[in-house]
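What follows is each chain in one-letter form.
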Amino acid sequence: MHDIMVVDGVRVERHLCERCAIREMGGGGAGGGGGGTIADPLKAAAEMSQQTVGMDPTTPEAPRALACGKCGLTFNEFKTDGKLGCASCYEAFVAQLGGILMRAHEGATHHAGKVPRRVAASRDAGAGRFAGHRVSQSAAEASSQERSDEDERMRQRAEIAARLVTLRKHLGEAVTSEQYERAARLRDEVRDLERELRAVSFGVERPETQA
Amino acid sequence: MSDAGAPIQHSAVQAGAPWLRGDGPDSDVVISSRVRLARNLAGFAFLQRAKPVERQGVFAACRDHLTSVGLAKQVIWAEVHRLPQIDRTLLMERHLLSKEHSKGGAASGVDWPRGLCVSAPDERLSIMVNEEDHLRVQVLRSGLALTDAWQQIDAVDDLIEAGLEYAYSARFGYLTACPTNVGCALRMSVMLHLPGLRMTGELDRVRRATKELGLAVRGYYGENSDASGDFFQISNQVTLGKSEETIRRELEKQILPQVLEYERASRRLLLEKRRRATEDDIFRALGLLRSARLLAPEEAMAQLSLVRMGVLMGVVQGLTEQAVTQLFLLVQPSHLQRYLGKEMDQQRRREARADLVRERLGGI
Ligand SMILES: [Zn+2]
Ligand SMILES: [Zn+2]
């Protein structure tokens, strides 16, 4: 399995992890991660700005001269201002970026949204079928909500939100201490709880709409 | 193409910004909705690392494509790095330009070509070229209209991509200069007017609840502004691992209905239980605006906020909500100067602001 990364207008192929492979084979639902997790990106962002990104303990020790082969940005330069130099930097620093991304994005590791038309098209051509990644915009979602049990729902929401805060804290700690298996478990728990939160908000759980 | 031009005409300044028209859904509480995408072109280093020739290349490629692909009935292209300062500030006040994009690198002596593409005359769509990312695409709508805004920006994004290849990876999504934006690289935000919650002392609770849901809370002026007045911007933080639809739904369905309901309940409560005191606050604000001879922007905003609530509550008669909301923009420094057609120092602006507000609100 190979991943396609558009760099310099050239499609660069590279090895794919299992999850990406499943996604690429059209298992959009499985790998979509669309349920999302609720973590505390504010906290993560605050942590990122307090200790500069590079001091992030989850970041594997970068070789002294680690640099992007394309634009020449060194990982140390990235650490000082948090900005990458080019698309290839994501590949060059992939090991170091993992923890940083998880922190900033509630433990997420993979994209789950729109796919550029030309990427989707080339994938369709390769696979000979419709790619299911495009997010459908069902405008049909009812805009008005039943307000009757609102107080009770707010109470439940507050309770769940409080549990989420604790869980997210543990998730952050797990990531920080590089206990990735534990982090994955916690992430699932967070996700379940978030589903619960949605259920309380909507009354029923609505499935992700995928075209 | 060589003329940087004046992207916003005098008539547009007088008319106020379309997103401040107050005619969108839930506009009693939601002033505006905003959706922003970050995109970079494949084959070019991100802006900060790009050489001058690359920056020029991105600029030219984007200019040629954006002005010809039919993003809107009419689009205006402005060369931001060549605009007079007052026009840049004007565009910032209209939320069409970021502070960073306005400044560029002029201070350090190394400026670079920056573009702005705006749909005219509605100004709903704006695209910054050579900002932190090569493209920052934004759609602004009046009221709560995130779905409409998303649909427009999604279509615009497809049109842009038809001529410009994006830097994208299957794993990380749309690649951005800052890893905090990577993924769908989407920021959705709503600007809320919450005077009722402030007056009933419930604002902190709402702010906390919003943050608990992983959303960012900011002030009227965005990024680095303090959410201390009656205006709040709420936006998503996470862009990786969530679909655009999930982000929209979390914002629109999980938090906004509650905030809207709380604000409305607060306004009702103020009328039912503290009518005299509330009317006193509102009419003092109106009296101040109708009488002041000197007005600073912050003071004007604080008082206008109360008057807007008064109009919406039916407490203040004879003024339209639109007339009041328009003033939010006209009291800003560059709008004031453009409106009156002359440059003024701070002291003169305070005088002119007071005169304008008195004139608009039937002052004495
Ligand atoms: Zn993968
Ligand atoms: Zn690079």
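## Quick notes on the overall build of chain B
Phase 1 of the analysis: Of regular secondary structure, chain B possesses 13 helices and ten strands.
Phase 2 of the analysis: Relative to the globule expectation of 21 Å for 364 residues, the C-alpha radius of gyration of chain B, 21 Å, shows essentially globular dimensions.
Phase 3 of the analysis: Counting only C-alpha atoms, chain B reaches 65 × 45 × 35 Å along its principal axes.
Phase 4 of the analysis: A total of 364 residues make up chain B; the buried ones form 63% of that total.
Phase 5 of the analysis: For chain B, long-range pairs separated by at least 24 residues make up 71% of all intrachain contacts whose partners lie at least 6 apart in sequence.
Phase 6 of the analysis: In chain B, 49 positive and 46 negative side-chain charges are present, and the distance between their average locations comes to 3 Å.

## Focus: the coordination of the zinc ion (ligand 2)
All names here are of chain A.
Phase 1 of the analysis: At 2.3 to 2.4 Å from the zinc ion (ligand 2) lie its protein donor atoms, namely Cys68 (SG), Cys71 (SG), Cys86 (SG) and Cys89 (SG).
Phase 2 of the analysis: What the four donor atoms of the zinc ion (ligand 2) show is an angle range of 100 to 125° at the metal, which sorts the shape as tetrahedral.
Phase 3 of the analysis: What makes Cys68 buried here is its relative accessible area of 3%.

## Considerations on the domain arrangement of chain B
All names here are of chain B.
Phase 1 of the analysis: The domains assigned to chain B are domain 1 (10-266) and domain 2 (275-361).
Phase 2 of the analysis: The C-alpha centroid of domain 2 is placed 27 Å from the C-alpha centroid of domain 1.
Phase 3 of the analysis: Counting from both sides, the interface comprises 27 residues of domain 1 and, opposite them, 24 residues of domain 2.
Phase 4 of the analysis: Here domain 1 and domain 2 share an interface that buries about 2300 Å² over both sides, 61% of which is from carbon and sulfur atoms.
Phase 5 of the analysis: On inspection of domain 1 and its partner domain 2, the count reaches one salt bridge.
Phase 6 of the analysis: The partner of Arg338 in a salt bridge is Asp87, with the nearest N and O atoms 2.3 Å apart.
Phase 7 of the analysis: Where domain 1 packs against domain 2, one counts ten residue pairs in polar contact (both at pLDDT 80 or more).
Phase 8 of the analysis: Contributions of two or more residues to the side of domain 1 that touches domain 2 are made by α1 (10-15), α3 (85-93) and α6 (195-199).
Phase 9 of the analysis: For the side of domain 1 that touches domain 2, the leading source of residues is α3, giving five residues.
Phase 10 of the analysis: When its residues are assigned to classes, the side of domain 1 that touches domain 2 shows twelve nonpolar, eight polar and seven charged.

## So, the confidence of the model for chain A
All names here are of chain A.
Phase 1 of the analysis: On average, residues of chain A score 63 in pLDDT, and 44% of them reach the 70 mark or higher.
Phase 2 of the analysis: Put simply, helix α2 (residues 28-32) is where chain A has its lowest mean pLDDT, 31, and helix α5 (residues 89-92) is where it has its highest, 96.
Phase 3 of the analysis: Within the model, pLDDT remains below 50 along residues 202-211, and this stretch shows 26 contacts once partners closer than five positions in the same chain are excluded.

## Some thoughts on the confidence of the model for chain B
Interpretation of this model should avoid reading the predicted coordinates in detail wherever pLDDT is low.
Residues and elements named next belong to chain B.
Phase 1 of the analysis: For chain B, the mean per-residue pLDDT works out to 90, and 93% of the residues sit at or above 70.
Phase 2 of the analysis: By mean pLDDT, α1 is the weakest element of chain B at 66, and strand β7 (residues 173-174) is the strongest at 98.
Phase 3 of the analysis: For this predicted complex, the interface score ipTM comes out at 0.87, while the overall pTM is 0.74.

## Considering the sheet that holds strand β4 (residues 125-129) of chain B
All names here are of chain B.
Phase 1 of the analysis: Spatially, β2-β3-β4-β5-β1-β8-β10-β9 is the arrangement adopted by the eight strands of the open sheet, whose pairing is antiparallel. Of all strands in the sheet, those bounded by a partner on one side alone are β2 (74-79) and β9 (215-218). Across the sheet, the mean angle from the axis of one strand to that of its neighbour is 20°, orientation sign disregarded.
Phase 2 of the analysis: Where β9 and strand β10 (residues 231-236) come together, four bridges link them in antiparallel fashion. Of the residues in β10, the one forming a bridge with Ala216 is Ser235.
Phase 3 of the analysis: Contacting β1 (30-39), β8 (186-193) and β10, helix α10 (residues 297-313) runs over the sheet at an angle of about 75° to β8.

## Examining the pattern of salt bridges
Phase 1 of the analysis: Evaluation of the coordinates by the stated rule reveals 32 salt bridges over all chains.
Phase 2 of the analysis: Here Asp158 of chain B makes a salt bridge to Arg117 of chain A, at a shortest N to O gap of 2.9 Å. Taken as a pair, Asp158 of chain B in helix α5 (residues 146-161) and Arg117 of chain A in helix α7 (residues 117-127) lie in two separate chains rather than in one.
Phase 3 of the analysis: One salt-bridge network, held together by shared partners, links Lys114 and Arg117 of chain A together with Arg39, Asp154, Asp157 and Asp158 of chain B.

Cut-offs applied
- Along each chain, numbering runs from 1 in the same order as the chain's sequence is written.
- Chain labels run from A onward and ligand labels from 1 onward, assigned in the order the entries are written.
- Local features in this predicted model are restricted to residues of pLDDT 70 or higher, and side-chain atom pairs are both shown and tallied only at a pLDDT of 80 or more, whereas totals for entire chains, interfaces and linings draw on every residue.
- In computing side-chain properties, one takes all heavy atoms of the structure into account and sets aside hydrogens as well as water.
- A run of H or I in DSSP counts as a helix once it spans at least four residues, and a run of E counts as a strand once it spans at least two, with each numbered from the N terminus.
- Atoms counted for the radius of gyration: C-alpha only. Globule rule: 2.2 Å times residue count to the power 0.38.
- Partly exposed residues are those whose accessible area sits between 20% and 50% of the maximum for their type, while under 20% is buried and over 50% is exposed, using a 1.4 Å probe and protein chains only.
- Working rule for contacts: check all heavy atoms of both residues, and any pair within 4.5 Å makes them a contact.
- Positive charges come from Lys and Arg, negative ones from Asp and Glu, while His and the chain ends are left out of the count.
- Throughout, a charge is located at the NZ atom of Lys, the CZ atom of Arg, the CG atom of Asp or the CD atom of Glu.
- Shown as donors are all N, O and S atoms within 2.8 Å of a metal ion, widened to 3.2 Å for Na, K and Ca; because water is not in the atom set, sites may appear incomplete.
- Under the classification used here, a metal with four donors is tetrahedral if each angle lies between 85 and 135 degrees, square planar if opposite donors are over 155 degrees apart and the others between 65 and 115, a six-donor metal meeting that same test is octahedral, and anything else is irregular.
- Where each domain begins and ends follows an automated or database-derived domain assignment.
- Two parts lose some accessible area (1.4 Å probe) when they are put together, and adding that loss for both gives the buried area.
- Basic side-chain nitrogens of Lys or Arg form a salt bridge, by our definition, when they fall within 4 Å of a carboxyl oxygen of Asp or Glu.
- Any pair of nitrogen or oxygen atoms within 3.5 Å is treated as a polar contact; in protein, a donor-acceptor pairing is required on top of that, and neighbouring residues in sequence qualify only through side-chain atoms on both sides.
- Throughout, the ten residues Ala, Val, Leu, Ile, Met, Phe, Trp, Tyr, Cys and Pro are labelled nonpolar, Asp, Glu, Lys and Arg are labelled charged, and all others, Gly among them, are labelled polar.
- Confidence scores labelled pLDDT are given residue by residue by the predictor and lie between 0 and 100.
- Any two strands with at least two DSSP-identified bridges between them are counted as paired.
- To get an axis, a line is fitted to the C-alpha atoms, and for a helix only the part in contact is used. The angle between two axes follows their N-to-C directions and goes from 0 to 180 degrees.

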